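Descriptive structure summary
Read off the chains here:
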Amino acid sequence: MDTVQATPETVILAQDEASLYLQATLQVAWHTRGQTPVVKVDPGRDRVHFYSALNLQSGQEIAMLSPIMNAETTALYLQKLWLVRCLQGFKLQLN
């Protein structure tokens, strides 16, 4: 590990993907006694996906938000991650 860290062109990244599902939560509501309230809720679940990496040497965070998570999107993220590496020193946010 000391040899890798001593090499200036080496970058050590911790990378992960995550999915966040958004759905209705339990709510409390007041209503007239004896009448059951009707609460309309969208039965679908929205979701959002994140790709992110952390440069363990500099602390730079690199993240990308995505509506889908598949092999093509993962490849796009890795290409953007390589671009950030090539332009190291510039603060970029991937969208």
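Scroll up a little and you will see the structure.
So, here's what we can say about the structure.

About the criteria used
- Residues numbered from 1 in each chain as written.
- Predicted model: local features only at pLDDT ≥ 70, side-chain atom pairs only at ≥ 80, totals over all residues.
- Heavy atoms only, no water.
- Helix = DSSP H or I, 4+ residues; strand = E, 2+ residues; numbered from the N terminus.
- Buried < 20%, exposed > 50% of the residue type's maximum accessible area, 1.4 Å probe, protein only.
- Areas by Shrake-Rupley, 256 points an atom, 1.4 Å probe, with all protein chains shown as cover.
- Polar contact = N/O pair within 3.5 Å; in protein donor to acceptor, adjacent residues only side chain to side chain.
- Contact = heavy atoms within 4.5 Å.
- Phe/Tyr/Trp six-rings, centres within 6.5 Å; stacked < 30°, edge-to-face > 60°.
- Core = buried A, V, L, I, M, F, W, Y, C linked by side-chain atoms within 4.5 Å.
- Patch = residues over 30% accessible without salt bridge, like charges linked within 9 Å, V, L, I, M, F, W, Y side chains within 5 Å.
- Salt bridge = Lys/Arg side-chain N within 4 Å of Asp/Glu carboxyl O.
- Expected span 1.5 Å × (residues − 1).
- Arc of directions from axis to C-beta.

What follows deals with the overall build of the protein chain. Within the protein chain, the secondary structure is distributed over 2 helices and 3 strands. Out of the 95 residues belonging to the protein chain, those deemed buried represent 16%. Total accessible area on the protein chain is roughly 8000 Å²; 57% of this is exposed by carbon and sulfur atoms.

Right, let's talk about the side chain of Ser-66 for a bit. Position of Ser-66 among the secondary structure elements: in strand β3 (residues 61-66). Overall, the relative accessible area of 4% leaves Ser-66 in the buried class. For Ser-66, the side chain forms a polar contact with the main-chain oxygen of Ile-68, separated by 2.5 Å. If we ignore the near neighbours within four places in the chain, the residues touching Ser-66 are Val-48, His-49, Tyr-51 and Thr-73.

Checked against the element boundaries, Asp-42 lands in the loop between β1 (13-22) and β2 (46-55). Spatially, the C-alpha atoms of Asp-42 and Gln-23 are 8.4 Å apart, while their sequence positions differ by 19 residues.

Let's shift gears to the packing of aromatic side chains. The final tally for this structure, using the stated rule, is 1 aromatic pair. Ring centres of Tyr-51 and Tyr-77 lie 5.1 Å apart, and the angle between their planes is 25 degrees; this geometry places the pair in the stacked category. One end of the pair, Tyr-51, is in strand β2; the other, Tyr-77, is in helix α2 (residues 71-86), and 26 residues separate them in sequence.

Turning our eyes to something else, we now look at the nonpolar core. Ranked by size, the top nonpolar core spans 7 residues in total: Tyr-51, Ala-53, Ile-62, Met-64, Tyr-77, Leu-81 and Val-84. For this core, the secondary-structure elements that each account for two or more residues are β2, β3 and α2.

Where nonpolar side chains cluster on the molecular surface, the patch consists of Leu-20, Leu-22, Phe-50 and Leu-65 and spans about 350 Å² of accessible area. In this fold, Phe-50 is placed in strand β2. Of the residues examined, Phe-50 reaches a relative accessible area of 35% and is grouped as partly exposed.

For α2, spanning 16 residues, the distance from its first C-alpha to its last is 23 Å, which sits close to the expected 22 Å at 1.5 Å a residue. Inspection of α2 places Thr-73, Tyr-77, Leu-81 and Val-84 among the buried residues, and these make up the whole buried set. All buried residues of α2 project into a common sector of 80 degrees when viewed along the axis, lining one side. Exposed side chains of α2 directed beyond 90 degrees from the buried face belong to Ala-71, Glu-72, Gln-79 and Trp-82. For α2, the secondary structure elements touched by its buried residues are β1, β2 and β3.

It is worth stressing that arrangement in space is one thing and function is another; only the former is reported here.
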